[in-house]
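# A structural walkthrough
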Amino acid sequence: MSAGTFTPRPGAAPVSRMIWAQTALETRMLLRNGEQLLLTVIIPALLLTLFSAVDIVDTGEGEAVDFLAPGVLALAVMSTAFTGQAIATGFDRRYGVLKRLGASPLPRRALMAAKTLSVLVTEVLQVALLTVIALALGWSPHGNPLSVAALLLLGTAAFSGLGLLMAGTLKAEVTLAAANLVFLLLLVGGGVIVPLEKFPEAVRSVLGLLPISALSDGLREVLRNGAALPWGDAAVLGGWAVLGLGAAAKWFRWE
């Protein structure tokens, strides 16, 4: 037997392998968290069912579910990519999980990529469930599925960056309160349940620049009106994605 056969060859695994391993871990942790499942699955499903079945909000012409379904899909993306991820990452940071990961070969960009990929896995399950519920309520979607996928990916990138920025710069308790507050505010003022046309014009112009409004309106243009990819809404989401992910990559703290 030649010398050196059992000599260890230390070194970090390829970044792609580290990302996939961390993605699998993050996904398992996310799906095991009952509170996160309540926020990401049950609440959007209940809102879709309630407001579609009961005439509480004037959603304009046509069936209420045709207006609500795209908005609830946008809400599901926000609840997973922003609220749920911000809270989970914030407490990972508080309990020293991120500090230990920071001492590992896992680069910061790889951690952010893994967290974003785990969010995408969860969103696939969310979209499938909410689509089944909406179809059962009489939803008649239109448009190109590729345009829908592009908007969902841009929305995920935008909300993921903002969630990681919040979790990586604020204390866990502050992140918990702020993320839930933002969720409630955007639920009311982001065109998810209440059409933006119901707000004063001066306020409407500001609300239209929010990522939840751009995602809701963009999905509605495609799924309700059968439009092509709405480039204006896509540009808003792309801008938030670049801003959020760039800021998170720069200022995210491991501890």
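Before reading on, note that the structure itself is shown above.
Residues numbered from 1 in each chain as written. Predicted model: local features only at pLDDT ≥ 70, side-chain atom pairs only at ≥ 80, totals over all residues. Heavy atoms only, no water.

### Section: the pattern of salt bridges
What counts here: A pair is scored as a salt bridge if a Lys or Arg side-chain nitrogen falls within 4 Å of a carboxyl oxygen belonging to Asp or Glu. Runs of E in the DSSP output that reach at least two residues are strands. Runs of H or I that reach at least four are helices, and both are numbered from the N terminus. The cut-offs for exposure are 20% and 50% of the maximum accessible area for each residue type, with area from a 1.4 Å probe on protein chains only; residues under the lower value are buried, those over the upper are exposed, and the others partly exposed.
For the coordinates displayed, the defined rule picks out two salt bridges. With a closest N to O distance of 2.7 Å, Arg94 and Glu173 form a salt bridge. In this pair, Arg94 sits in helix 3 (residues 64–94) while Glu173 sits in helix 7 (residues 172–189), placing the two residues 79 residues apart along the sequence. Under the relative-accessibility criterion, Arg94 is labelled partly exposed at 48%. The class of Glu173 is partly exposed, set by a relative accessible area of 41%. One salt bridge connects Arg220 with Asp217, and the closest N-O pair in it is separated by 3.5 Å. Of this pair, Arg220 and Asp217 both sit in helix 9 (residues 211–223), separated by three residues, roughly a single helical turn.

### Considering the packing of helix 3 against helix 6 (residues 145–169)
Cut-off, in case you're wondering: For helices, the axis comes from a line fit to the C-alpha atoms of the stretch in contact; other axes are also lines fit to C-alpha atoms, and the angle between any two N-to-C directions lies between 0 and 180 degrees. Should an angle fall under 35 degrees it is taken as roughly parallel, and over 145 as roughly antiparallel, whereas 65 to 115 is taken as roughly perpendicular and any remaining angle as oblique. Each crossing gets its handedness from the near helix: less than a right angle anticlockwise from the far helix is left-handed, clockwise is right-handed. In this description, contact between two residues means that some pair of their heavy atoms is separated by no more than 4.5 Å. Gly is placed with the polar residues, together with every amino acid not listed as nonpolar (Ala, Val, Leu, Ile, Met, Phe, Trp, Tyr, Cys and Pro) or charged (Asp, Glu, Lys and Arg).
At a minimum axis distance of 8 Å, the contact between helix 3 and helix 6 shows a crossing angle of 25 degrees. One finds that helix 3 runs roughly parallel with respect to helix 6. The crossing of helix 3 and helix 6 is right-handed. Every residue of helix 6 that contacts helix 3 at Val77, Met78, Ala81, Phe82, Gln85, Ala86, Thr89, Gly90 and Arg93 is listed here: Leu152, Gly155, Thr156, Phe159, Ser160, Leu162, Gly163, Leu164, Met166, Ala167, Gly168 and Thr169. For the contact of helix 3 with helix 6, the residue count by class is 11 nonpolar, nine polar and one charged.

### Here's the deal with helix 1 (residues 15–32)
To keep it simple, the criterion reads: Multiplying 1.5 Å by the helix residue count minus one yields the expected span of that helix. The arc in question is the one spanned by the directions pointing from the helix axis to the C-beta atoms.
Along its 18 residues, helix 1 runs 26 Å from first to last C-alpha, staying within 8% of the 26 Å computed at 1.5 Å per residue. Among all positions in helix 1, only Met18, Ile19, Gln22, Thr23, Glu26, Thr27 and Leu30 are buried. Looking straight down helix 1, one finds its buried side chains confined to an arc of 160 degrees; they lie on one side. The exposed set on the far side of helix 1, more than 90 degrees from its buried face, consists of Arg17, Trp20 and Arg32.

### Remarks on the packing of aromatic side chains
Worth spelling out the cut-off: Think of it this way: a Phe, Tyr or Trp ring, Trp meaning its six-membered ring, pairs with another when their centres are within 6.5 Å, and the plane angle makes it stacked under 30 degrees, edge-to-face over 60, tilted otherwise. For a ring to carry a charge above it, either NZ of a lysine or CZ of an arginine must fall within 6 Å of the ring centroid while also lying within 35 degrees of the normal to the ring plane.
Enumeration over the complete set of coordinates arrives at zero aromatic pairs. Positioned above the aromatic ring of Phe67, the side-chain terminus of Arg220 is 3.8 Å from the ring centre.

### Describing helix 3
Note the cut-off: Bending is quantified residue by residue as the angle between axes fitted to the seven-residue window ending at that residue and the seven-residue window starting at it.
Here helix 3 is 31 residues long and its end C-alpha atoms lie 42 Å apart, about the 45 Å a rise of 1.5 Å per residue gives. Bending of helix 3 peaks at approximately 35 degrees at the position of Ser79. Looking at the residues trailing helix 3, positive phi occurs at Gly96, about 85 degrees.

### A short note on the packing of helix 6 against helix 9
Running from N to C, helix 6 and helix 9 point in directions that differ by 170 degrees, and their axes come no closer than 10 Å. In terms of orientation, helix 6 and helix 9 fall into the roughly antiparallel class. Contacts between helix 6 and helix 9 involve Ser147, Val148, Leu151, Leu152, Gly155, Phe159 and Leu162 on the former and, on the latter, Pro211, Ile212, Leu215, Gly218, Leu219, Val222 and Leu223. Split by residue class, the contact of helix 6 with helix 9 holds 11 nonpolar, three polar and no charged.

### With respect to the side chain of Ser213
Put simply, the rule reads: Side-chain atoms alone can form a polar contact between residues adjacent in sequence; in general such a contact is a pair of N or O atoms within 3.5 Å, and within protein one must be able to donate a hydrogen while the other accepts it.
Its place among the elements puts Ser213 in helix 9. For Ser213, a relative accessible area of 0% puts it in the buried group. Engagement of the side chain of Ser213 in a polar contact is seen with the backbone oxygen of Leu207, the distance being 2.6 Å.

### Describing a nonpolar patch on the surface
Put simply, the rule reads: Patches here: salt-bridge-free residues with over 30% relative accessible area, like charges joined within 9 Å, nonpolar side chains (Val, Leu, Ile, Met, Phe, Trp, Tyr) joined within 5 Å. Note on areas: these come from Shrake-Rupley sampling with a 1.4 Å probe, and a residue is covered only by the protein chains present in the view.
A cluster of nonpolar residues, Leu38, Ile42 and Leu46, forms a patch on the protein surface that exposes about 280 Å² of accessible area. Looking at where Leu46 falls in the secondary structure, it is placed in helix 2 (residues 34–53).

### Considering the environment of Gly84
On the secondary structure map, Gly84 appears in helix 3. Look at Gly84 and you get buried, because its relative accessible area is 0%. The spacing of Gly84 and Ala247 is 163 residues in sequence and 19 Å in space, taken between C-alpha atoms.

### Brief notes about the nonpolar core
Side chains that are nonpolar tend, in soluble globular proteins, to be buried together. The condition is simple: For our purposes a nonpolar core is just a set of buried Ala, Val, Leu, Ile, Met, Phe, Trp, Tyr and Cys residues, chained together by side-chain atoms within 4.5 Å.
With 48 residues, the main nonpolar core has Leu48, Met78, Leu151, Phe159, Leu215 and Leu219 as its most contacted residues. Secondary-structure elements contributing two or more residues to this core are helix 2, helix 3, helix 5 (108–136), helix 6, helix 7, helix 9 and helix 10 (231–251). When residues in this core are grouped by element, the largest group, 16 residues, is from helix 3. The contact partners of Met78, leaving out residues within four places of it in the chain, are Thr83, Phe159, Phe183, Leu186 and Ile212.

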